[in-house]
Amino acid sequence: MARRYSLFAATPLIVSAVMFFAVAANAFLGPTDLLAQQPQAKQNDQQSPNTEIAPGSESASAPAASSKANASEATPTDAASENSSAPQPTTEKQKSNEPPAEEPTPAQAFKSVLDELEKEILDLEQKTKYGMQPIELYATELTEEYNSIAALLADKRIENYPKLTATDQHSFDRLNRISMKLWYLEFIGSQLFNDTDSTRQISRRANGLIKDHSEAMRDPVLSKRFRDLSQRAMQLNHRRYLSRYRNVFHFMRQPRQEDNDDAPPAAEYSIESLRLPLSRLLRLTFDGETIALDRNHWETSFGGTTLKEIDESIMAELAARDIEFDSEDRTFDYQKRQLLSHPPQALLFLNFQHFATRDDRSPRLSSLMRTPLRSISFQSDQLNASFVDSPTEFQLFVRETNSGRKQILQFEYKEEGTLMIRIIGDRNFQLEQSADGRMRWIDIGDDTNVYEADSFAKLYAEHPDAVESRLLPYLDRFGILPPLTRFDSLVTSRVIEMLKIDIEKAQSDVRQLIEQMESGSFSQRQAAYRQLTHNIERYAIVLDQLPERQVSSPELATRLDEARKKYQSQYREVDGLILRSNWLTDRNYLGKLIEQVSDANKPFIRQQLDKLAP
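In this text, all values refer to a predicted model and were calculated from it rather than measured experimentally. Counting starts from 1 at the beginning of each chain's written sequence and moves along it residue by residue. Local features are withheld for residues below a pLDDT of 70 in this predicted model, meaning they are given only at 70 or higher, and side-chain atom pairs are given and counted only at 80 or more; totals for whole chains, interfaces and linings count all residues. Think of the side-chain values as coming from all heavy atoms in the structure, minus any hydrogens and water.

J.: Explain the overall build of the protein chain here, please?
T.: Strands here are runs of E lasting at least two residues and helices are runs of H or I lasting at least four, both read from the DSSP assignment and numbered beginning at the N terminus. In terms of helices and strands, the protein chain carries 23 helices and eleven strands. Note on classification: 1.4 Å probe, protein chains only; a residue is buried when its accessible area is under 20% of the maximum for its type, exposed when over 50%, partly exposed between these limits. Per-residue burial over the protein chain gives 39% buried out of 614 residues. Only heavy atoms matter for contacts: two residues are in contact if any of them lie within 4.5 Å across the pair. Put simply, 62% of the contacts in the protein chain that link residues at least 6 apart link residues at least 24 apart. Here the protein chain has roughly 34900 Å² of accessible surface; of this, 50% comes from carbon and sulfur atoms. Working definition of accessibility: Shrake-Rupley area with a 1.4 Å probe, residue cover restricted to the visible protein chains.

Below is the structure:
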């Protein structure tokens, strides 16, 4: 008969076995280890009902088994509710399966260091430019205004200033004044920042990165970035010195000119690439039948103001913004006095020097600013240039030193009327004007051409196509703005205006207005003067041809001088060109002009052609 064992009969044996294992564990682990296991046992007691314990596990205790049994008796709804309300603790086993936090790779760590280094370098570069944040904020406001105006003038050229509408001229004046203010803020800021310790420390830090990140240096991209930043860090102190002691006056470059700039790379500067700053200095104008250097052109770059007025405006604005600095610093005071003493033409040459040497770390400079003779010169890796100016002469010389062609530009003008322009490059070009006005033009390229005439006006009249298609564009290419030509809008509109004028009636009107300006009634004198100046385009020719006459009062002499000045500034060059070139009676010219004007103006030209018919 099979022997049966009941659970109650086996109970003593189970209890004895459990006690045996407990004593053995105590002997093996010691009391301290058992205490250390108690939190784990407590954690097991508190495990969620869904936590399973592997069958036969030695870590399963009676309370845990009881908890499991209770959980099995709970309804599914109760179990789900308990799971949703209580957070699930992470077991040691689950922790061991989680991936450890990733350490940055050497390349990532080096990139982070370089990011921080670049930020600090940029901050110091800005300080060398503006000195302090309030000045930088003011400069940012002006820059935004500058860019908004420049966007409106994107299709206009400052060198065409005389040909622009009054509205566009006003906008360019504003643009130039803002540009001067921005440079002056840089000039002030450069005098404020004199922290040599910071610039040296960041350079030493950059050098120390080689040792700390030698492995990451193998990455070619990071290595190049490190070299670039190290170079910038090394240049900080030199940059601070240059900005403080050699902050050359300059205008801003319009964004359009930056984006569409066809200039060659820095290592290959050419005279043509510096055409814009040269064109602020060099413009030819008609003076009778000859051509001359237009000294009035220099004023157009300064927006009707002076550097001294810009200084006063900036200082007042900084005071209103509660921005204080040591304006009595000896270096700042000396640099300021030097700059404010420069005439417009010297400032314009400095503007040219700035753009010609902006990528050269150590240009060699010299200047002599003793009136009446002023002389400035510089030598860089790309160009040599010199400038000499006095009341009786003007000289500009530019030579390329690092290009294959090594072009030369030489411009000399004397008030006695002599002019010499020589350009040596892909062509040998020379334009000479003697004191008596005689003109000679030599052009040697694929073939040789020599043109001579008694004056430039006659040279133009005899060879209009050659002058317009070859001579003047070549001058413009090297930054020498040509005089007005026969189909410029200013000229054509003035020709139409002249054809509309009844000369005899205009002469009668001017004589009558002059008599009224000599009246004993102030109101009558004032009304006559206003009528004369408001209709200056109609009376200009007659006024310019008035013979010298005695006047009854100094007031009349002054008023007539003012009217003549207004005429000279607006129409004298144009009218002189038209009359001396005989375009009003040139059937060939008028025949071409009638094809270009509006239908409303064609009848006036047609009427003139009818008068000239044989």
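J.: I would appreciate a short explanation of the side chain of Thr-357 in the present structure.
T.: Note that Thr-357 resides in helix 14 (residues 344-357). Polar contacts, as counted here, are pairs of nitrogen or oxygen atoms within 3.5 Å of one another; within protein the pair requires one atom able to donate a hydrogen and one able to accept it, and residues that are adjacent in sequence qualify only if both atoms are side-chain atoms. A polar contact of 2.8 Å, which involves the side chain of Thr-357, links it to the backbone oxygen of Gln-353.

J.: Would you explain the environment of Glu-432 in this entry?
T.: Here Glu-432 is to be found in strand 9 (residues 428-433). Placed ten residues apart in sequence, Glu-432 and Ile-442 show a C-alpha to C-alpha distance of 8.6 Å. What Glu-432 contacts, discounting residues up to four positions off in sequence, is Leu-419, Met-420, Arg-438, Met-439 and Arg-440.

J.: Where do I start with the pattern of salt bridges in this structure?
T.: We define a salt bridge as a side-chain nitrogen of Lys or Arg found within 4 Å of a carboxyl oxygen belonging to Asp or Glu. Taken as a whole and assessed by the stated rule, the structure comprises 26 salt bridges. Of the charged contacts, one joins Arg-486 and Asp-465 as a salt bridge, the two residues approaching to 3.2 Å between their closest N and O atoms. Here Arg-486 is found in the loop between helix 16 (464-477) and helix 17 (489-500), whereas its partner Asp-465 is found in helix 16, with 21 residues between them in sequence. Among the residues examined, Arg-486 registers a relative accessible area of 5% and is labelled buried. Residues participating in the shared-partner salt-bridge network are Lys-111, Asp-115, Glu-118, Arg-225 and Arg-232.

J.: Explanation requested: the nonpolar core in the structure shown.
T.: General note: in soluble globular proteins, nonpolar side chains tend to be found buried as a group. As used in this record, nonpolar core signifies buried Ala, Val, Leu, Ile, Met, Phe, Trp, Tyr and Cys residues forming a set joined through side-chain atoms within 4.5 Å. Core analysis: the biggest nonpolar cluster contains 103 residues, and Phe-411 and Ile-421 have the highest contact counts within it. Tallying contributions element by element places helix 7 (residues 166-192) first for this core, with ten residues. Excluding anything up to four places from it in sequence, Ile-421 contacts Leu-284, Gln-410, Phe-411, Phe-429, Gln-430, Leu-431, Leu-475 and Ile-480. Leu-532, Tyr-539, Leu-543 and Tyr-571 belong to the second-largest nonpolar core, a separate cluster that totals 17 residues.

J.: Looking at this structure, I do not really get helix 19 (residues 522-534). What am I missing?
T.: An α-helical turn contains 3.6 residues, so a residue and the one three or four places further along point in the same direction. Taking 1.5 Å as the rise per residue, helix 19 with 13 residues should run 18 Å; its terminal C-alpha atoms sit 18 Å apart, in good agreement. Three or more residues of helix 19 are buried, namely Arg-525, Gln-526, Ala-528, Tyr-529, Leu-532 and Thr-533. Within helix 19, the buried residues cover an arc of 165° as seen down the axis, which keeps them to one side. For helix 19, exposure combined with an orientation more than 90 degrees from the buried face picks out Ser-523 and His-534. For a helix, the expected span equals 1.5 Å multiplied by the number of residues minus one. Think of it as the arc spanned by the lines of direction from the helix axis to the C-beta atoms.

J.: So what exactly am I meant to see when it comes to the packing of helix 12 (residues 307-320) against helix 13 (residues 330-340) here?
T.: Geometry of a packed helix pair, given as the angle between the helix axes and the separation of the axes. Think of each axis as a best-fit line through the C-alpha atoms, taken over the contacting stretch in the case of a helix, with angles from 0 to 180 degrees between the N-to-C directions. Orientation of helix 12 relative to helix 13, taken along the N-to-C sense of each, is 140°, at an axis distance of 9 Å. On the basis of their axis angle, the class for helix 12 and helix 13 is oblique. Contacts between helix 12 and helix 13 involve Leu-307, Lys-308, Asp-311 and Met-315 from the former and Phe-332, Lys-336, Leu-339 and Leu-340 from the latter. Should an angle fall under 35 degrees it is taken as roughly parallel, and over 145 as roughly antiparallel, whereas 65 to 115 is taken as roughly perpendicular and any remaining angle as oblique.

J.: What's the story with the packing of aromatic side chains in this structure? I'm lost.
T.: The description of two aromatic rings rests on the distance between their centres and on the angle between their planes. Note on ring pairs: Phe, Tyr and Trp rings are taken, using the six-membered ring of Trp, and paired if centres are within 6.5 Å. Classes follow the plane angle, with under 30 degrees stacked, over 60 edge-to-face and the rest tilted. Evaluation of the coordinates by the stated rule reveals 22 aromatic pairs. For the ring pair Phe-249 and Phe-302, a centre distance of 6.2 Å and an interplane angle of 20° mean the geometry is stacked. Here Phe-302 lies in the loop between strand 2 (290-293) and helix 12 and Phe-249 lies in the loop between helix 9 (220-245) and helix 10 (255-259), a separation of 53 residues in the sequence. Taken individually, Phe-249 and Phe-302 each receive the classification buried, so the pair is uniform in this respect. Relative to Phe-387, the ring of Phe-349 lies with its centre 5.2 Å away and its plane at 20°, an arrangement referred to as stacked. Of this pair, Phe-349 sits in helix 14 while Phe-387 sits in strand 5 (residues 383-390), and the two are 38 residues apart along the sequence. For the pair Phe-349 and Phe-387, one class covers both residues: buried. One aromatic cluster in this structure is built from Trp-298, Phe-349, Phe-352, Phe-378, Phe-387, Phe-394 and Phe-411. Taking the ring centre of Phe-251 as reference, the NZ or CZ of Arg-280 above it sits at 4.2 Å. Should the NZ of a Lys or the CZ of an Arg lie within 6 Å of a ring centre and within 35 degrees of the ring normal, that charge is described as sitting over the ring.

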